[in-house]
Amino acid sequence: MSENYYRKDIEDLPDFKVENIKATLKLDQNEYPEKLPKYLRNKIFHSLKNKYTENRYPQPIDYLNKKKKISEFLGISEKNLIFTMGADQGILATMIISGKKVKIFTPTYPIPENDAKILSKELSIEALKYENDFVLSKEQIGKNLDLIYLVSPNSPVGNIIDDELVEYVCKNNQLVVIDEAYFEYSNKTYIELLKKHENLIIIRTFSKACGLAGYRFGYVFANEKIISLMEKVLFVPYNLGLCHYAIMDNFSEIFTLGMERGKIVQKIRDEFYLFLKKNSFKSYKSYGNFLFFEASRKLYDELLSKGIKTRYYHIESKDFIRISIGTKKEMDQLKKELKGK
Ligand SMILES: Cc1ncc(COP(=O)(O)O)c(C=O)c1O
């Protein structure tokens, strides 16, 4: 067989790498550090066990009924809502429906760049600047792009974007995606702007504050036309499986739990931020469940050798570590390792 059957640009994409070390403290993927409360885990398992049969495909009418109930709970029209297999599938779908001229600002969550490399005709990647504390500026935005991907709070730095700037982006471009994966930790959402800007898309996930990373459940808010295009691309409802249906059965309780947990984590995060400052680390104020600070590669390696998994970044010749916020006990353990470094 010739080598021409596949795309060379896909072969050249970087491999997905995670350090293959058993973690004693897992602070590298911004997950929630604890399992669901037992009663809620049991409710999900109960749904899965008693409501569905695995030999049948998920039924469209069942999907529509669930969607109606959930949109009522969220206070939006069901026409403006779609459920996805993780936020990642929502991001992918936006790139498929648009995907001509795409712009991304780094450092940020890496999957959209990967998607855009595969799907867009023209990708521009603009670096957020160290001297501006990695804050997005108006001058960097650009005009007449088909899709701009923004994250707020942005990972790894943790800053949020002003409404005014989001409105400027919306007025000057076609589709604008705001990834709100960490919104529960920020007391901030752009949902109100959907009424004013029909090109705005808001992506959310149950993988973070809701603690369901293993289930791969996400949802998206957007204008009716955009949602209908995404539904066509994903062939809704066949993009989801029964585990997702069991999550939908318990949506309101999981969502509410995520909001409560968001508040708990904010306290631990802000306290740890002060600890970092006190110990002379240059740390960035964060609205997510993570903190980003300047620290050497050596420190990252030292932590890893002790089974403490964090994320290392090298930007503009400087070294940084991002830590996810764990339980209070876990953060106390990390403090011991960082003191005096
Ligand atoms: C900004 C951002 N969006 C999306 C995701 C992935 O979400 P999901 O697990 O729902 O695909 C992550 C995961 O780290 C993220 O940081």
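Here is what the cut-offs are and how they apply
- Residues numbered from 1 in each chain as written.
- Predicted model: local features only at pLDDT ≥ 70, side-chain atom pairs only at ≥ 80, totals over all residues.
- Helix = DSSP H or I, 4+ residues; strand = E, 2+ residues; numbered from the N terminus.
- Expected span 1.5 Å × (residues − 1).
- Buried ≥ 20, exposed ≤ 12 C-beta atoms within 10 Å, placed from the backbone.
- Core = buried A, V, L, I, M, F, W, Y, C linked by C-beta atoms within 7 Å.
- Domains from an automatic or database assignment.
- Contact = placed C-beta atoms within 7 Å.
- Pairing = 2+ DSSP bridges.
- Axes fitted to C-alpha atoms, helices over the stretch in contact; angles between N-to-C directions.
- Nonpolar A, V, L, I, M, F, W, Y, C, P; charged D, E, K, R; others polar.

Between its first and last C-alpha atoms helix α10 (residues 251-278) spans 40 Å; for 28 residues at 1.5 Å apiece the expected length is 40 Å, and the two agree. Among the residues of α10, those classed as buried are Phe251, Ile254, Leu257, Gly258, Arg261, Gly262, Val265, Arg269, Phe272 and Leu276. Looking one or two residues past α10, Ser280 carries a phi angle of roughly 65°, positive in sign.

Now for the nonpolar core. Counting residues in hydrophobic clusters, the biggest one holds 81 residues, and the most contacted among them are Val176, Val177, Ile201 and Val220. Top element by residues in this core is α10. It accounts for 6 residues. Viewed by domain, this core spans two of them, domain 1 (3-36 + 262-338) and domain 2 (53-254), each represented by three or more residues. Beyond its immediate stretch of four places on either side in the chain, Val220 contacts Ile82, Thr84, Gly90, Ile201, Ile202, Ile203 and Met230.

For the rest of this paragraph, the subject is the sheet that holds strand β3 (residues 101-106). In spatial order, the strands read β2-β8-β7-β6-β5-β3-β4; together these 7 strands make up an open sheet with mixed pairing. The open sheet has two edge strands with one neighbour each: β2 (81-84) and β4 (122-127). On average, adjacent strands in this sheet sit at an angle of 20° to one another, irrespective of strand direction. Pairing of strand β6 (residues 175-179) with strand β7 (residues 200-205), which is carried by 4 bridges, proceeds in the parallel orientation. Residue Asp179 lies in a different strand from β7, and its bridge partner there is Ile203. Sheet strands in contact with helix α5 (residues 111-119) are β3, β4 and β5 (147-151), and its direction is about 155° off that of β3.

The next point concerns the domain arrangement of the protein. With domains assigned, the protein is organised as domain 1 (3-36 + 262-338) and domain 2 (53-254). Each of domain 1 and domain 2 was reduced to a C-alpha centroid, and the two centroids are 23 Å apart. Each partner contributes to the interface: domain 1 provides 27 residues, whereas domain 2 provides 22 residues. Contributing elements (two or more residues each) for the side of domain 1 that touches domain 2: α1 (8-11), α10, β9 (290-294), β11 (311-315) and β12 (318-324). Of the residues in the side of domain 1 that touches domain 2, the class split is 12 nonpolar, 6 polar and 9 charged.

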